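For reference, the chains in residue letters:
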Amino acid sequence: MVDHNRLNEKKKRVQHQIQDFDSLAVAFSGGVDSSLLLALAREVLGERVVAMTAVSPLMPRRELDEAVKLAGMLGVSHRLVRVEGLFVDEFIQNSATRCYICKKILFSQMFESMREESVTFMAHGANTDDMADFRPGMQAAEEMGVCAPLRDAGLNKAEIRELARQAGLSNWDRPAAACLASRIPYGMGITHKRLEMIETAENALTALGFSGFRVRHLGDTAKLELRPAQFDRLLNPERRLKIVSALRRAGFDYVTMDLEGYGSGRMNRSLS
């Protein structure tokens with residue numbers, strides 16, 4: 001049960017922190033976390049806030065389109081930052097520091113866009129739940145001075161969703177998303193081809209009505225991680241054959257399903 005008094009107090013903490021900025025860029029993915037942060041920043045700073053979305057092969061086109069749509073609905077200036085130079089050796093080797101390297105490059109190029117916009121501060125939508133998982137990208141953000149007002153106010157994911165619902169944000173209950181590289185096991189090289197295969201496969205499942213899932217790239221095998229509540233949908237004979245056919249066309253030879261179901265940060269198990 002939500003403690004609305006406590007929730008409103010946390011919301012005020014976010015707003016008070018934002019008030020300290022004369023202008024702010026929000027690293028905006030279109031997910032519920034950055035959407036709430038952007039909406040609150042718009043309320044406090046008005047036209048002194050700008051949304052910045054990194055455009056790269058790591059972001060599915062459908063998510064980019066959603067981010068553009070949401071920024072327009074919130075009535076904020078929206079800058080698409082095309083990330084160059086991401087596929088350096090340190091990144092494509094896909095070590096445990098992959099996310100750290102990616103965020104360093106991404107935020108560096110966003111800072112360049114900030115200077116062009118005469119914006120002085122940047123924030124991202126990290127929350128307290130992120131601190132419970134291995135998130136080297138958060139270290140990169142801290143080193144580069146990127147603020148995390150939601151996390152600093154003590155907001156977790158469930159509370160963010162509730163505030164987003166109260167604010168009338170259309171994506172308040174949207175399943176969490178992550179970059180396409182997170183579907184590739186550590187140690188397996190990140191290539192444009194593999195990212196394209198994953199995006200094509202996930203688009204096919206979305207078109208068949210699935211949500212809150214991942215397609216993991218295991219070489220010639222696609223491993224589906226679905227929410228257990230959607231297992232029955234997969235086992236429908238006609239739909240199952242459509243999925244197999246679509247993933248074969250995407251470039252996979254074999255299709256398997258993880259009986260444990262979808263879980264955030266599943267690939268990090270290998271690090272322990």
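Here the structure is shown first, and the text comes after it.
Computed from a predicted model, the values in this text were never measured in an experiment.

**Q** For this particular structure, what's the right way to read the pairing of strand β3 (residues 77-82)?
**A** Here six bridges tie strand β2 (residues 49-55) to β3, and the two strands are oriented parallel to one another. Residue pairing across strands places A51 opposite H78, the latter belonging to β3.

**Q** Could you clarify how one ought to interpret the packing of helix α1 (residues 4-19) against helix α8 (residues 157-166) in this entry?
**A** One can describe the packing of α1 onto α8 by two numbers: an axis separation of 11 Å at closest approach and a directional angle of 85°. Classified by the angle between their axes, α1 and α8 sit roughly perpendicular to one another. Residue-level contacts link H4, L7, N8, K10 and K11 of α1 to E159, E162, L163 and Q166 of α8.

**Q** Can you walk me through the packing of aromatic side chains in this structure?
**A** Think of a pair of aromatic rings as described by two things: how far the centres are apart, and how the planes are tilted against each other in angle. Inspection of every chain in the model, using the stated rule, returns two aromatic pairs. Taken together, a centroid distance of 5.7 Å and an interplanar angle of 80° make the contact between F87 and F91 edge-to-face. Between R233 and the ring centre of F210, over which it is positioned, the NZ or CZ distance is 5.2 Å.

**Q** It is not clear to me how the pairing of strand β5 (residues 214-218) should be interpreted in this structure. Could you clarify?
**A** A regular strand places its side chains on the two faces of the sheet in alternate fashion. Counting buried residues in β5 gives four out of five residues, a clear majority hidden from the surface. When β5 meets strand β6 (residues 221-225), the two strands line up antiparallel, connected through five bridges. For L218, the partnering residue across the bridge sits in β6 and is T221. Taking the residues between adjacent antiparallel strands as the criterion, β5 and β6 are bridged by two residues, where G219 takes a positive phi near 80°.

**Q** Explanation requested: the sheet that holds β6 in the structure shown.
**A** Sheet strands line up and pair through hydrogen bonds in the backbone, either parallel or antiparallel. With mixed pairing, three strands are arranged side by side in an open sheet as β5-β6-β7. Across the chains shown, the open sheet's two edge strands, defined by having one partner strand only, are β5 and β7 (254-257). Going across the sheet, the axis of each strand differs from the next one's by a mean of 25°, ignoring polarity. Here β6 pairs with β7 via four bridges, running parallel. Its bridge partner lying in β7, T221 is registered against Y254.

Rules used in this analysis
Residues numbered from 1 in each chain as written. Predicted model: local features only at pLDDT ≥ 70, side-chain atom pairs only at ≥ 80, totals over all residues. Heavy atoms only, no water. Pairing = 2+ DSSP bridges. Helix = DSSP H or I, 4+ residues; strand = E, 2+ residues; numbered from the N terminus. Axes fitted to C-alpha atoms, helices over the stretch in contact; angles between N-to-C directions. Parallel < 35°, antiparallel > 145°, perpendicular 65-115°, else oblique. Contact = heavy atoms within 4.5 Å. Phe/Tyr/Trp six-rings, centres within 6.5 Å; stacked < 30°, edge-to-face > 60°. Lys NZ or Arg CZ within 6 Å of the ring centre and 35° of its normal. Buried < 20%, exposed > 50% of the residue type's maximum accessible area, 1.4 Å probe, protein only.

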